Amino acid sequence: MPRADQLKVICVDDQDSMLRLHRYAFAQLGVRNVTECTSAVSAIDAVLSTEFDLMTLDWNMPGTDGLTLFKMLRGNPKTAKLPIIMVTGNAEESSVKTAIAAGVRLFLRKPVAVKDLKVRVEAALGKLT
């Protein structure tokens, strides 16, 4: 069982307000070490230089979108096993099917609710202590 206060999480979203919401939600779960990135480029730099336990990833971002970044991360041996929660306001069935076909297993709808985040984090990592 992972200790929440020892987790290293990276949140990727192009909106500062969503990043603040993620930081708040993780703090409610006891997670204090949260790195924020506002683009795919900065996220790639971060995950290649630091080991993280979990990533939340916004699907709809300008430039490289979250699904493309997800595929890039899965194709790199260093990041292939990083647990990723895809965060989206778009839950259309065709979009979800596309993401599932790409290997996405965990989804979280915006706006992020603490209880929903906890369920996804524990699905990815195990029960938090």
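Structural data are supplied above this passage.
Report follows, based on the coordinates. (Residues numbered from 1 in each chain as written. Predicted model: local features only at pLDDT ≥ 70, side-chain atom pairs only at ≥ 80, totals over all residues. Heavy atoms only, no water.)

**Concerning the nonpolar core**
With 22 residues, the main nonpolar core has I10, V12, M55, L57 and M86 as its most contacted residues. Counting residues per element, the ones that place at least two in this core are strand 1 (8-12), helix 2 (40-49), strand 3 (54-58), helix 3 (66-74) and strand 4 (84-88). Each residue touching L57, except ones within four places of it in the same chain, is listed here: V12, G66, L69, F70, I84, I85, M86 and V87. Listed in part, the 19 residues of the second largest apolar core include C11, L19, L54 and I85. (Core = buried A, V, L, I, M, F, W, Y, C linked by side-chain atoms within 4.5 Å. Buried < 20%, exposed > 50% of the residue type's maximum accessible area, 1.4 Å probe, protein only. Helix = DSSP H or I, 4+ residues; strand = E, 2+ residues; numbered from the N terminus. Contact = heavy atoms within 4.5 Å.)

**Remarks on the side chain of H22**
Here H22 lies in helix 1 (residues 16-28). In this structure, H22 is in contact with C11, T56, V87 and V112, ignoring residues within four places of it in sequence.

**As for the sheet that holds strand 1**
What the five strands build is an open sheet, ordered 2-1-3-4-5; its pairing is parallel. Of all the strands in the sheet, the pair left with one neighbour each is strand 2 (33-37) and strand 5 (106-109). Averaged over all pairs of adjacent strands, the angle between their axes in this sheet comes to 20°, without regard to strand direction. As paired elements, strand 4 and strand 5 share four bridges and run parallel to each other. (Pairing = 2+ DSSP bridges. Axes fitted to C-alpha atoms, helices over the stretch in contact; angles between N-to-C directions.)

**Section: the pairing of strand 4**
A large share of strand 4 lies buried, amounting to five of its five residues. Burial along strand 4 is two-sided: the residues I84, M86 and T88 and I85 and V87 are all buried. As paired strands, strand 3 and strand 4 are joined by four bridges and run parallel to one another. Residue pairing in the sheet places T56 in a bridge with I85 of strand 4.

**Considering the environment of I44**
As for its placement among the helices and strands, I44 is situated in helix 2. Residue I44 is classed as partly exposed on the basis of its relative accessible area of 22%. Considering only alpha carbons, one finds I44 and T79, 35 residues apart in sequence, at a separation of 9.4 Å. Setting aside its immediate chain neighbours within four residues, I44 contacts L69 and M72.

**Looking at the pattern of salt bridges**
A full pass over the atoms with the stated rule returns four salt bridges. The partner of D13 in a salt bridge is K110, and the shortest N-O contact between them spans 3.1 Å. Here the residue D13 occupies a position in the loop between strand 1 and helix 1, and K110 occupies one in the loop between strand 5 and helix 5 (114-125), the gap between them amounting to 97 residues. K110 is paired through a salt bridge with D58; the nearest N and O atoms lie 3.0 Å apart. Separated by 52 residues along the polypeptide, K110 in the loop between strand 5 and helix 5 and D58 in strand 3 bring together distant segments of the chain. (Salt bridge = Lys/Arg side-chain N within 4 Å of Asp/Glu carboxyl O.)

Function cannot be read off these values alone, since they describe shape.
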